[in-house]
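Report on the structure
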Amino acid sequence: MAEVRQHVVSVIPDDEGKEKFKKSSDVAFYRRQMQGPNLQHRALLDTLVLTERGARLELLNPDTQTKLLLSLSPCKNDTVRILIDELQPIKARYRVPDVITGELQCEQLRVVRQSKLCVFLSWSSGRHQICVWHFPFRLEILCEDKVMVTFNSRSKLWFETLQDPPSSSSHGSELPEDASLWKETFRQFVDVKANGPSSVGSDLSLHGFSHVFGLPEHADGLQLRDTGSVPNKDYVVTSTCEVIMSVYLPRDGDAYRLFNLDVFAYDLHRRLGLYGSVPLIVAHKPDRTLGVFWLNASETFVNVHYRSADPQDGETPRLKRRRREPQTDVHWLSESGLIDCLVLLGPGPQQLFKQYAQLTGYQALPPLFSLGYHQCRWNYDDEADVKAVDAGFDRHDIPYDVIWLDIEHTDGKRYFTWDPVAFPDPSGLQRHLEGKKRKLVVISDPHIKVDPDWSMYREARDGGHFVRNREGEIYRGSCWPGESSYLDFSSAHTRAWYSRCFGLGKYKGSTSSLFVWNDMNEPSVFDGPEQTMPKDAVHCGGWEHRDLHNLYGFYQHMATAEGLVSRSAGLERPFVLTRSFFAGSQRFGAVWTGDNVASWEYLQISVPMLLSLSVAGIAFCGADVGGFVQDPDPELLVRWYQAAALQPFFRGHSAKETKRREPWLFGEEVTARIRTAVQQRYCLLPYWYTLFHQAHTCGLPPLRPLWVEFPTDQSTFSVDNQFMIGGALLACPVTEAQVKEVKVFLPGSNEVWYDVHSAEEHKGGRTLSLPVTLDTVPVFQRGGSVLCRAAGGASCTADLQLLPLSITVAPDPQGVAEGELYLDDGHSFSYRDRKSFCRRRFSFLSDRLLCRAAGEGETFECDTVVHTLTVLGLKRKPSSVIVHVSGAKDLSAAFEFLESCFTLTVKNLELRVLTDWEIEIR
């Protein structure tokens, strides 16, 4: 309890009324950029040089005579990279490594036309162009001769050049009084900037767009809100140009902040940065989807301003008014590094997701067990407690795959150890679970207890694996073990050492069925500024923590995943959950939304939070079922299980001061409803696994906003209480208490939708009023889809793989439907190394269902059979159902037809899924 209280008070104001976390107005570089003059840079067009990778030219700030180097790189996947650095820096500025995968495939530019005012550059057979304007400098990206994006459209380009520290001979050991830019104070914390202020920023205008998404992680709606500025005349400061300026701050006081922080029980509908950051904005309109990826790992703010399509001239008579095209202006501001901005040109959602995945990596294909249900608590007391909870799931017939151990399982909060009293035989516990085909996950945080008697601490200290403070000593801060030092995961040397710690010979008590959870890796420092590491701490290579703060958790996640892969000699897929993340974290495993609260509001916000993560490439995501802190009432718990069973990562988790909440502790009615939700999740796992294969190969997230599937339907653009699971299912979980009816929007005027529970058919393009009880979970199958489910019950995913399949065909208005199934062994890399997988395509046309191979050269063998076929919306009663199997005699199958809901059901088919066959409805 004391530890929880310590964590809780860290996020509320102290006795002086000062908050632990900054607002944008508290941040010096944000104030400087927002209040500073618009710097009228010149593009020196006579310095233009065409290269194999694009073009480069110089930019000049006439006020300071500072020169910058602009590099332009068009890529073959319709992506444009805009890179701006100092022309002659006193030392290299930080460039984010390891996020972009591989070398970008750049295209050569050619000059189309040039004048004193601008130069037009073209690539991709002339379909795309870049126009660089001389003065004031701006850069336009055109598609088919239409301007899509303007970089620096409002002259917000800002680039503070690095400086040598003030001379110690003239100022002693202290910074000069006028050097406030070199030192920043927040509460009692002092941040010394080794090379002075180094912030960068720029704005982009997205033409024709009025809906933008992304920028996780914030506890807010899916569509980004306008942070439109209003003048605050009470606050003035002197800019670097000695000009007194009014500060312009967002109406509600804050821009979107990207700065990874441990924010316990975070406030809702705020723009404070939470546990992770993905600096990606996705803009969408009916005929175009594009993205802006701002590759910077330092503290970053983003302002968004929507400009509506208002008349250009209020004096013009109504019939002659010309409507201005809508526009979204996005202003990025980062504390350090350089400007590395990539514009993804789509043109559609699917192309956009693939372009982003080609940059930062595709979602890792998870092991099948990790898509099942996970049971966690801070903390299960001992081995007997774990075994009792495990047995409880079997006794109550609720499937699950993984049980988790929090920090109390260790010996005094020393990670990679076990409490000798509570967990005297950890490998025996894992063997017990493995005998039931289940797994164990344990926590491993980035802080290491300062304990010279502990071999791991000594290894890290002597190996130079810790972050240091600005004086060059090992940095120490407070976290769960007390005084701790923090591993420097930015170092490849440290990551390799940490990865080796997961080896079975090194990690005593571990087995191959143990997997890992990275927590507190923002990093969380209880006595640090904003409860994190000081920005002037120093990493390998001399980089300050300010340069790479948002990468810290990304690197621990990377090292942990690599450790588990190495443990299996590269044969087995890892499973690692992380709280802190950055762009590219999808390559290493799963993410959850952190320390949420057991309330209806947090259940509601979990949907847009997970959609925002999915849009930004973090596809394997979830929220703690029931809320991490406080105690849910039974209705809330049931509704949370129902919602989370329809989301990618499915884990129940709670803090140690909460009441126990295993699913069978609330009475049989609650247990039955939770059992149903979990069982339905397991039945749907063949579809989920297929969707994750799509994410792994195409970049399409399994969880999708409606507009992804209905890109031209503007009524879907702002919907964030419903979502698509792949292209086939629409879900609208109930997230309000004691409701008897919900409104469900069914998109697509030319679509049909089938209630998955009643098989009732509904036309699209309207809002449905649906009566609900506590047993109702509104889910609809889209007309035109074929869906595979597991038929029967299972205690875990390993049993599920042995079950037959049930296929549901939902024809579109033309009587056509398609679907796909992906199969492999569920755990190894054989699908990648030996092409040991199979993809089967199901096509329904003219009342015939065909099962065929979806690819060539696939080698996976299995005995999976299709047991049941259901066809929805069949408007006539069949006379017979004939089964054609390649190389076998035709068979007549028994069937049932329900005229009340026009549903055909054929059972006992026993058709091998790897065999070509056809079912004909006559």
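Thresholds applied
- Residues numbered from 1 in each chain as written.
- Predicted model: local features only at pLDDT ≥ 70, side-chain atom pairs only at ≥ 80, totals over all residues.
- Heavy atoms only, no water.
- Pairing = 2+ DSSP bridges.
- Helix = DSSP H or I, 4+ residues; strand = E, 2+ residues; numbered from the N terminus.
- Contact = heavy atoms within 4.5 Å.
- Axes fitted to C-alpha atoms, helices over the stretch in contact; angles between N-to-C directions.
- Buried < 20%, exposed > 50% of the residue type's maximum accessible area, 1.4 Å probe, protein only.
- Disulfide = S-S within 2.5 Å.
- Core = buried A, V, L, I, M, F, W, Y, C linked by side-chain atoms within 4.5 Å.
- Parallel < 35°, antiparallel > 145°, perpendicular 65-115°, else oblique.
- Nonpolar A, V, L, I, M, F, W, Y, C, P; charged D, E, K, R; others polar.
- Phe/Tyr/Trp six-rings, centres within 6.5 Å; stacked < 30°, edge-to-face > 60°.
- Lys NZ or Arg CZ within 6 Å of the ring centre and 35° of its normal.
- Salt bridge = Lys/Arg side-chain N within 4 Å of Asp/Glu carboxyl O.
- pLDDT = per-residue confidence, 0-100.

A look at the sheet that holds strand β36 (residues 729-731)
In spatial order, the strands read β34-β35-β36-β41-β38-β39; together these six strands make up an open sheet with antiparallel pairing. Only two strands of the sheet have a single partner each, and these edge strands are β34 (703-704) and β39 (761-763). In this sheet, strand β41 (residues 779-782) lies alongside β36 in antiparallel orientation, the contact comprising three bridges. Bridged to L729 within β41 is Q781. Docked against the sheet, helix α14 (residues 685-698) engages β34, β35 (723-725) and β36, running at close to 95° with respect to β35.

A word on helix α12 (residues 634-644)
Taking burial as the measure, the 11 residues of α12 include 10 buried ones, the bulk of the element. Along α12, the residues classified as buried are E635, L636, L637, V638, R639, W640, Y641, Q642, A643 and A644. On its buried face, α12 sits against β23 (373-375), α11 (600-615), β33 (650-652) and α13 (668-683).

Quick notes on unusual backbone geometry
Residue E217 is reached from P216 by a cis peptide bond, and omega for that bond is 20°. The residue E217 is located in the loop between β14 (212-214) and β15 (229-238) in this model. Put simply, E522 and P523 share a cis peptide bond, and its omega is 5°. Position of P523 among the secondary structure elements: in the loop between β29 (514-518) and α9 (545-548). The phi angle at Q738 is positive, at roughly 55°, despite the residue not being glycine. For Q738, the position within the fold is in the loop between β36 and β37 (741-746). Note on Q738: relative accessible area 66%, which makes it exposed. Positive phi outside glycine occurs at E910, with the angle close to 55°. Looking at where E910 falls in the secondary structure, it is placed in the loop between β51 (903-906) and β52 (911-912).

Describing the state of the cysteines
As used in these notes, a disulfide is a covalent bond between sulfur atoms, one from each of two cysteines. For the structure shown, the criterion picks out zero disulfides. No disulfide involves C479; its sulfur sits 17 Å from the nearest other cysteine sulfur, which is in C376. Looking at C540, it has no disulfide partner, and the nearest cysteine sulfur is the one in C501, 17 Å off.

Overview of helix α6 (residues 426-435)
When α6 is considered as a whole, its buried residues turn out to be P426, S427, G428, L429, Q430 and L433. Tucked inside the fold, the buried residues of α6 contact α5 (383-395), β24 (402-405), β25 (439-443) and β29. One or two positions beyond α6, positive phi appears at K437, with a value near 65°.

Things to note about the nonpolar core
Buried together is how nonpolar side chains tend to be arranged in soluble globular proteins. Counting 172 residues, the largest nonpolar core has V99, F293, W404, L551, F575 and I725 as the members making the most contacts within it. If we skip the residues at most four places from it in the chain, W404 touches H374, Q375, C376, R377, Y380, V441, W517, F575, L577, F649 and R651.

Looking at the packing of α12 against α13
It is the contact of α12 with α13, at a shortest axis distance of 9 Å, that shows an interaxial angle of 10°. As judged from the angle between their axes, α12 and α13 are roughly parallel. Between α12, through P634, L637, V638, Y641, Q642 and A644, and α13, the contact on the second element is made entirely by V670, R673, I674, A677, V678 and R681. Looking at the contact of α12 with α13, its residues break down into nine nonpolar, one polar and two charged.

Quick notes on the pairing of strand β27 (residues 476-479)
Relative to strand β28 (residues 482-486), β27 runs antiparallel, the two being bridged by four bridges. Within β28, the position partnered with G477 by the bridge is S484. Linking two consecutive strands that pair antiparallel, namely β27 and β28, is a turn of two residues.

Quick look at the sheet that holds strand β31 (residues 590-592)
Strand order across the open sheet formed by eight strands is β32-β31-β30-β29-β25-β24-β23-β33, with parallel pairing between neighbours. Both edges of this open sheet fall to β32 (621-622) and β33, since each of them pairs with a single strand only. Strand direction decides the pairing type here: β29 and strand β30 (residues 576-578), joined by three bridges, are parallel. For N518, the partnering residue across the bridge sits in β30 and is T578. On the sheet, helix α10 (residues 552-567) packs against β29, β30 and β31 and is oriented at approximately 175° with respect to β29.

Concerning the packing of aromatic side chains
Across all of its chains, the model carries 45 aromatic pairs by this definition. Ring geometry for Y475 versus Y486: centroids 6.0 Å apart, planes at 45°, classification tilted. Of the two residues, Y475 is situated in the loop between α7 (455-462) and β27 and Y486 in strand β28; the sequence distance between them amounts to 11 residues. Grouping residues by exposure puts Y475 and Y486 together as buried. Taken together through their ring pairs, the aromatic side chains of F369, W404, F515, W517, F575, W592, F620, F649 and F692 make up a single cluster. Its guanidinium or amino end placed over the ring of F259, K535 lies 5.1 Å from that ring's centre, counting from NZ or CZ. Over the face of the ring belonging to W592 we find R651, whose NZ or CZ atom lies 4.9 Å from the ring centre.

What to know about the environment of L359
Secondary-structure assignment places L359 in helix α4 (residues 349-360). Take L359: its relative accessible area is 0%, and that puts it in the buried class. Residues L359 and N518, 159 residues apart in the sequence, show an inter-C-alpha distance of 24 Å. Excluding its chain neighbours within four sequence positions, the residues that come into contact with L359 are T79, V99, I100, T101, L104, F293, L342 and L344.

What to know about the pattern of salt bridges
When charged atoms on two side chains of opposite charge get close, those side chains can pair. By the definition in use, this model includes 65 salt bridges. We note a salt bridge from D220 to R225, for which the minimum N-O separation is 2.9 Å. Its relative accessible area of 4% is what places D220 among the buried residues. The salt bridge partner of R840 is D916, with a shortest N-O separation of 2.8 Å.

Examining the confidence of the model for the protein
Fine structural detail should not be taken from predicted coordinates in areas where pLDDT scores are low. Model confidence for the protein is summarised by a mean pLDDT of 93, while 92% of its residues fall at 70 or above. The low-confidence segment residues 169-173 (pLDDT under 50) makes two contacts with residues lying over four places distant or belonging to another chain. Every residue in residues 230-252 scores below 50 in pLDDT, and together they form 51 contacts with partners more than four places removed in sequence or on other chains.

Here's the deal with the pairing of strand β50 (residues 895-898)
Where β50 lies against β51, four bridges are found, and the strand directions are antiparallel. Note on β51: the bridge partner recorded for E896 is T905. Between the end of β50 and the start of β51, which pair antiparallel, lie four residues, with F902 showing a positive phi angle near 55°.

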